[in-house]
Each structure stands twice: as structure tokens, then as C-alpha cells.
Amino acid sequence: VRNSMVRQFMAEDLVARRLRDAPHEIAVAVSEDIAPLHPLTPGDFARALAPDVVVTSNTFDYGGITNGLYLGTPATLARAMSAATDLDALFRTTEHGNYEGLLAAHVRRSNITRLLFEADCRGTGRMFLKIRRSGKAVGPGGKAFRRVGNITDVPQWLRTHCIRMGLYVKGG
């Protein structure tokens, strides 16, 4: 399990390095294994612009902070996603043995405030499902969903919801 955690932290650290010097006012970091179920709201974006704030979901957070969907300023996201630089201290000083617990400890140690997406706060259900290697969408605990409903692919979801709010989305 630790090897899997280290790989996840290293992958996020690569994204963090690119975010450090990003010229944008706000950034969305979303992994390819995420199937969003709800749009980001103007309120999500407004809260994410605050200094030292990262907006995440409580979907799959397992007592910590879930990875795979972050919203915030590029500098704050870079700090939140650079836990790989802090792993030795995290493994020595935190009681959490799972990825999400270590990530939460890193965010606290980095003096970043975690806020939840409005969809999570309203209790409208999961913010997203995880897509496993098999291509199946799963919820917390690995429960498979036969009928997924309104899931779209991530690039299309980002283009639809970010462009609607007047944000520039690079890539595809």
C-alpha cells in the first residue's frame, strides 16, 4: 500500500511543479480516474480564490482529504499537491496510515484551509465517482454502479462548466 501512496504523491508533485509558476488566477486539478457528477458553482470558484484555501470533495475522503479533484489558486494547489516533498515527516509524525489521512496532515502542516464543494455542502450526493482500470465507475467502499447517469468525460466536463463561468481552459 505504501508504494501505491508514494506513486500517488509523486504524480501529484509533478502537477504541483507545473502549477507553481502558472499565470492563471485559479486552477482546477482533476485526475483522469474521476467521473464528476455535479458542476462546479460560481460559489466554489469564489471561495477558491481566497488565499491559502483549497476546495475539495468529501467523496472518498476516508477521514482525510480525497485526491483527484482540487480547486484553488495555482500557488495554493501547488503547495497542497506537493506532499511528496514532506513524506518522510508525514510517515513519522502522522497516525493516519492511508493516503487521504497523510494528505490531510500535509495540508494542515502547509497552513492551507480545506473547504468543500457546494454540492458536498448541500448534501446532493457524491461529487464524483472513481473510474477503475476495468472502466467501471465505483463509489466509496468500491461499490460498483451499473447505471451511471449524467457522468461525462473530464475534459468535456471542464470545458462545459469552466467556459460557462468565463474561465479559460487549456488543453483537452
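Right, let's walk through the structure included here. Since the structure is predicted, the reported quantities are computational estimates derived from the model, not experimental observations.

1. Quick notes on the overall build of the protein chain
Reasoning step 1: Summing up its helical and strand segments, the protein chain has seven helices and seven strands in all.
Reasoning step 2: In the protein chain, which comprises 172 residues, the share counted as buried stands at 45%.
Reasoning step 3: Within the protein chain, counting contacts between residues at least 6 apart in sequence, those at least 24 apart form 72% of the total.
Reasoning step 4: Accessible surface, the protein chain: about 9300 Å² in total, of which carbon and sulfur atoms supply 52%.

2. With respect to the pattern of salt bridges
Reasoning step 1: Under the criterion given, the structure shown has four salt bridges.
Reasoning step 2: For Asp44, the salt bridge identified is with Arg47, shortest N-O distance 3.4 Å. You can see Asp44 and its partner Arg47 sitting in helix 2 (residues 42-48), three residues apart, about one turn around the helix.
Reasoning step 3: Its relative accessible area of 26% is what places Arg47 among the partly exposed residues.
Reasoning step 4: In this structure, Arg109 engages Asp86 in a salt bridge whose closest nitrogen and oxygen atoms are separated by 3.0 Å. One end of the pair, Arg109, is in helix 5 (residues 99-109); the other, Asp86, is in the loop between helix 3 (74-80) and helix 4 (87-93), with 23 residues separating them in the sequence.

3. Things to note about the nonpolar core
Reasoning step 1: Of all hydrophobic cores here, the largest spans 24 residues; its most connected members are Phe9, Tyr70, Leu77, Met81 and Leu103.
Reasoning step 2: Taken together, the elements giving at least two residues each to this core come down to helix 1 (2-20), strand 1 (27-30), helix 3, helix 4 and helix 5.
Reasoning step 3: Considering each element in turn, this core owes the most residues, six residues, to helix 5.
Reasoning step 4: Ignoring sequence-local partners within four residues, the contact set of Leu103 consists of Phe9, Ile65, Thr66, Asn67, Tyr70 and Ala80.
Reasoning step 5: Judged by nonpolar contacts, the second largest core, of twelve residues, contains Ile26, Val53, Leu69 and Leu71.

4. Comments concerning the packing of aromatic side chains
Reasoning step 1: If you walk through the whole model with that rule in mind, you get one aromatic pair.
Reasoning step 2: Centre to centre, the rings of Phe9 and Tyr99 are 4.3 Å apart; their planes meet at 25°, and the pair counts as stacked. Note that Phe9 is positioned in helix 1 and Tyr99 in helix 5, a separation of 90 residues in sequence. For the pair Phe9 and Tyr99, one class covers both residues: buried.

5. A look at helix 5
Reasoning step 1: The buried count for helix 5 comes to nine of eleven residues, which makes it a mostly enclosed element.
Reasoning step 2: Among all positions of helix 5, only Tyr99, Glu100, Gly101, Leu102, Leu103, Ala104, Ala105, His106 and Val107 are buried.
Reasoning step 3: Where helix 5 terminates, the next one or two residues include Asn111, which has phi positive at roughly 55°.

Parameters at a glance
Residues numbered from 1 in each chain as written. Predicted model: local features only at pLDDT ≥ 70, side-chain atom pairs only at ≥ 80, totals over all residues. Heavy atoms only, no water. Helix = DSSP H or I, 4+ residues; strand = E, 2+ residues; numbered from the N terminus. Buried < 20%, exposed > 50% of the residue type's maximum accessible area, 1.4 Å probe, protein only. Contact = heavy atoms within 4.5 Å. Areas by Shrake-Rupley, 256 points an atom, 1.4 Å probe, with all protein chains shown as cover. Salt bridge = Lys/Arg side-chain N within 4 Å of Asp/Glu carboxyl O. Core = buried A, V, L, I, M, F, W, Y, C linked by side-chain atoms within 4.5 Å. Phe/Tyr/Trp six-rings, centres within 6.5 Å; stacked < 30°, edge-to-face > 60°.

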